[in-house]
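Below, each chain spelled out in residue letters.
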Amino acid sequence: MREVAASPPPGQPPMGFTLLRVPFFLEPDYPTDPAFEETNRVRLVRKWGGARGWEAQKARHGLKERGQEVGIEKFNLDRIASNTLASHRMVQWV
């Protein structure tokens, strides 16, 4: 952004940018204890009311198929998820 603002395209007025960051939590009720963690698969099954609800949501959403259309072969649902409050704080102060 700085480069574009400092050297606008020929014949163009200088550009200005404003960045507004609005953080939100996908899981605001996650425990804040740093020791807490679970996989995204466990979180999503719980979120959708069990295995049956999760399977129904996957069928409705078609995320796997849409990902494959743009070159994402596999989503890793077994990666660890945890409370992101500390991450949000770090980004806020950087």
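Before any of the text, the structure's been laid out above.
Every value quoted in this text rests on a predicted model; they were computed, and no experiment measured them.

With that out of the way, let us pick up the environment of P10. With respect to the helices and strands, the residue P10 is situated in the loop between α1 (2–6) and β1 (38–39). Sequence separation between P10 and T39 is 29 residues; the distance between their C-alpha atoms is 51 Å.

Its place among the elements puts P31 in the loop between α1 and β1. Counting along the chain gives 11 residues from P31 to L20, while the straight-line C-alpha distance between them is 27 Å. P31 has contacts with F36 and N83, leaving out every residue within four places of it along the chain.

A separate point is the layout of surface pockets. Rolled over the atoms, a probe as big as a water molecule pinpoints where empty space is left. Its volume calculated, the largest pocket comes out at about 890 Å³. In terms of lining, the largest pocket is formed by 32 residues, of which the most central are R43, L44, W54, L63 and L77. Elements that contribute at least two residues to the lining of the largest pocket include exactly α2 (40–47), α3 (51–61), α4 (63–69) and β2 (80–81). Residues of the lining of the largest pocket, tallied by class, amount to 13 nonpolar, 8 polar and 11 charged.

Quick look at a nonpolar patch on the surface now. A grouping of L63, V70, I72 and F75 is seen on the molecular surface, where their side chains present a nonpolar patch of about 350 Å² in accessible area. Following the sequence through the fold, I72 ends up in the loop between α4 and β2.

Attention now moves to the side chain of E38. Mapped onto the elements, E38 comes out in strand β1. Judged by its relative accessible area of 13%, E38 is buried. Polar contacts involving the side chain of E38 include one to the side chain of Y30, which spans 2.7 Å. A polar atom in the side chain of E38 sits 2.3 Å from the side chain of R46. In this structure E38 touches Y30, R43, R46, R79, I80 and A81, once residues within four positions along its chain are discounted.

Below, the discussion takes up α2. Here α2 has its buried residues at N40, R43 and L44. Seen end-on, α2 carries its buried residues on one side only, within an arc spanning 95°. For α2, the secondary structure elements touched by its buried residues are β1, α3 and β2. Where α2 ends, the next residue or the one after it, G49, has phi of about 80°, a positive value.

Thresholds applied
Residues numbered from 1 in each chain as written. Predicted model: local features only at pLDDT ≥ 70, side-chain atom pairs only at ≥ 80, totals over all residues. Heavy atoms only, no water. Helix = DSSP H or I, 4+ residues; strand = E, 2+ residues; numbered from the N terminus. Contact = heavy atoms within 4.5 Å. 1 Å grid on protein atoms, 1.4 Å probe; cavity = no way out; pocket = protein on both sides within 12 Å on 5 of 7 lines; lining within 4 Å. Points joined across faces, edges and corners; volume = space filled by probe spheres on them. Nonpolar A, V, L, I, M, F, W, Y, C, P; charged D, E, K, R; others polar. Patch = residues over 30% accessible without salt bridge, like charges linked within 9 Å, V, L, I, M, F, W, Y side chains within 5 Å. Areas by Shrake-Rupley, 256 points an atom, 1.4 Å probe, with all protein chains shown as cover. Salt bridge = Lys/Arg side-chain N within 4 Å of Asp/Glu carboxyl O. Buried < 20%, exposed > 50% of the residue type's maximum accessible area, 1.4 Å probe, protein only. Polar contact = N/O pair within 3.5 Å; in protein donor to acceptor, adjacent residues only side chain to side chain. Arc of directions from axis to C-beta.

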